[in-house]
Amino acid sequence: MIIFTAVLGFLFTSLGFGATSALAEGEALQGTLINANQPVAGVAIKVFDQGGTSAGEATSGPDGKWVVPLKAAGTYKVDLDTATLPQGVTVTTGRSSLTLTVFEGAARNVLFPLGGAAATGPGAATPEDEGNSQLSRILDLIYTGIHFGLIIALAALGLSLIFGTMGLTNFAHGELITFGAVGCFFLNVTVGLPLELAAVAAVVLGGAFGYFQDRLFWGWLRNRRTGLIGMMIISIGLALILRYLYLFFFAGDTRQYSAYVAQPGMDLGLISVAPKNLIMDAVAIVVLIGVSLALVMTRLGKATRAVSTNPSLAAASGISVDSIIRLVWTIGGALAALSGVMLGVFQGVNYQMGFQILLLVFAAVTLGGLGTAFGALLGSLVVGLATQLSTLWIPTELKNVGALVVLIVIILVRPQGILGRRERIG
């Protein structure tokens, strides 16, 4: 299987499919300046990196659009030159300078809401207090960490359930995340469904993909009594195959859904949050709580926990182990697809987006405790916060290191994870 995958990857690369990633738009900051439903042209935008070095500048065109390509992911300061605004127009929030994080391979949209002149006069810039600016950045990173953690938690919960019932470390789980994002993009942009309906359909398709994956593939391997090590290696090959298929059909650039790309943020005091993010947070919390309660309170949930604890005893008690595992794969596929849809809204759709966060998903599951649903939720929030808050001290390109350092420290103190149970080995 692995040899076949390697040969397939070599053929794809040799034929030019692997080079498609060179067409990626790459990292960028972009936006559209609108005042009273009319584009605002000729406004200067300057971008600086964390060290204060200029990273690029642009001027809004006749359609109000501007783009500043970046060399790498990271945290950047975006300044709008208020002196170049038309007379009587100002930034309504009073914030002409924003600090934003750009993810790898993603184009980040920047919003400067424009309106009539403020009471302090046209084009007047309000001086920012350094303490408030730093507090604002910390609060923004905390919220972003929680938001990102909830997205990771959806995928981590499914991965944890699969590991708990089968004992399989599924390296193809990241491609289930990508499947949801790409499926939603196809239904939304190509077919033309509203994003909300496309997201629901993508989650259903993700659940169906997980079901048929187990029915036609993993279930067959299970009946053949394939060892867990062999199945884990096969999952790596499956992940590579799916990733190349996504690259072939979707290409290598980062794309956006047709809606909610540039949404004005709600001013919440020291931070500004887009309503779409709050809605995604609410949906994620409801889904996570619902699945967690179902595991505890329903007959199927109790049967799932029984299979996770002791499959042989569960089978002897009359529980259909294969049916429970198939149900877990269905739920895991749906949760991963939902995670992919939200990640696509958050930072765009890319063929390797699931692969890029797979390590963080594994870290969340390990940190919370292997095979424990509630541990996966807690571990995901810790990983999300550690990933974002670490950028206060280290470059953004190394932010995943912060989450892994936290993982190592906690595992050194508590090897079974935060909510894991001690097991005797040997």
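Whatever comes next refers back to the structure up there.
All figures in this text were calculated on a predicted structure; none of them were measured in a lab. (Residues numbered from 1 in each chain as written. Predicted model: local features only at pLDDT ≥ 70, side-chain atom pairs only at ≥ 80, totals over all residues. Heavy atoms only, no water.)

K.L.:
Any chance you could explain the packing of aromatic side chains here in plain terms?
P.N.:
Given two aromatic rings, one states the distance between the centres and the angle between the planes to describe the pair. As enumerated under the stated definition, the model contains nine aromatic pairs in all. Look at Phe185 and Phe250: their rings are 5.2 Å apart centre to centre, the planes differ by 85°, and that puts the pair in the edge-to-face class. With Phe185 in helix H3 (residues 173–191) and Phe250 in helix H5 (residues 228–250), this residue pair connects regions lying 65 residues apart in the sequence. By relative accessible area, which is 5% here, Phe250 ends up buried. Relative to Trp329, the ring of Trp218 has its centre 5.8 Å away and its plane inclined at 15°; by these criteria the two rings are stacked. With Trp218 in helix H4 (residues 195–223) and Trp329 in helix H9 (residues 321–347), this pair connects stretches of sequence that are 111 residues apart. (Phe/Tyr/Trp six-rings, centres within 6.5 Å; stacked < 30°, edge-to-face > 60°. Helix = DSSP H or I, 4+ residues; strand = E, 2+ residues; numbered from the N terminus. Buried < 20%, exposed > 50% of the residue type's maximum accessible area, 1.4 Å probe, protein only.)

K.L.:
Teacher, can you tell me more about the environment of Phe179 here?
P.N.:
Counting through the fold element by element, Phe179 comes out in helix H3. Separated by 24 residues in sequence, Phe179 and Val203 place their C-alpha atoms 9.4 Å apart. Setting aside its immediate chain neighbours within four residues, Phe179 contacts Leu205, Gly206, Phe209 and Tyr246. (Contact = heavy atoms within 4.5 Å.)

K.L.:
I tried to follow the pairing of strand E5 (residues 54–59) on my own but got confused; where do I start?
P.N.:
On a regular strand, each side chain points to the face opposite its neighbour's, so the side chains alternate between the two faces of the sheet. Pairing between strand E4 (residues 44–48) and E5: five bridges, direction antiparallel. Residue Ala44 lies in a different strand from E5, and its bridge partner there is Thr59. In this structure, the hairpin formed by E4 and E5 is closed by a connection of five residues, where Gly52 is found at a positive phi of approximately 90°. (Pairing = 2+ DSSP bridges.)

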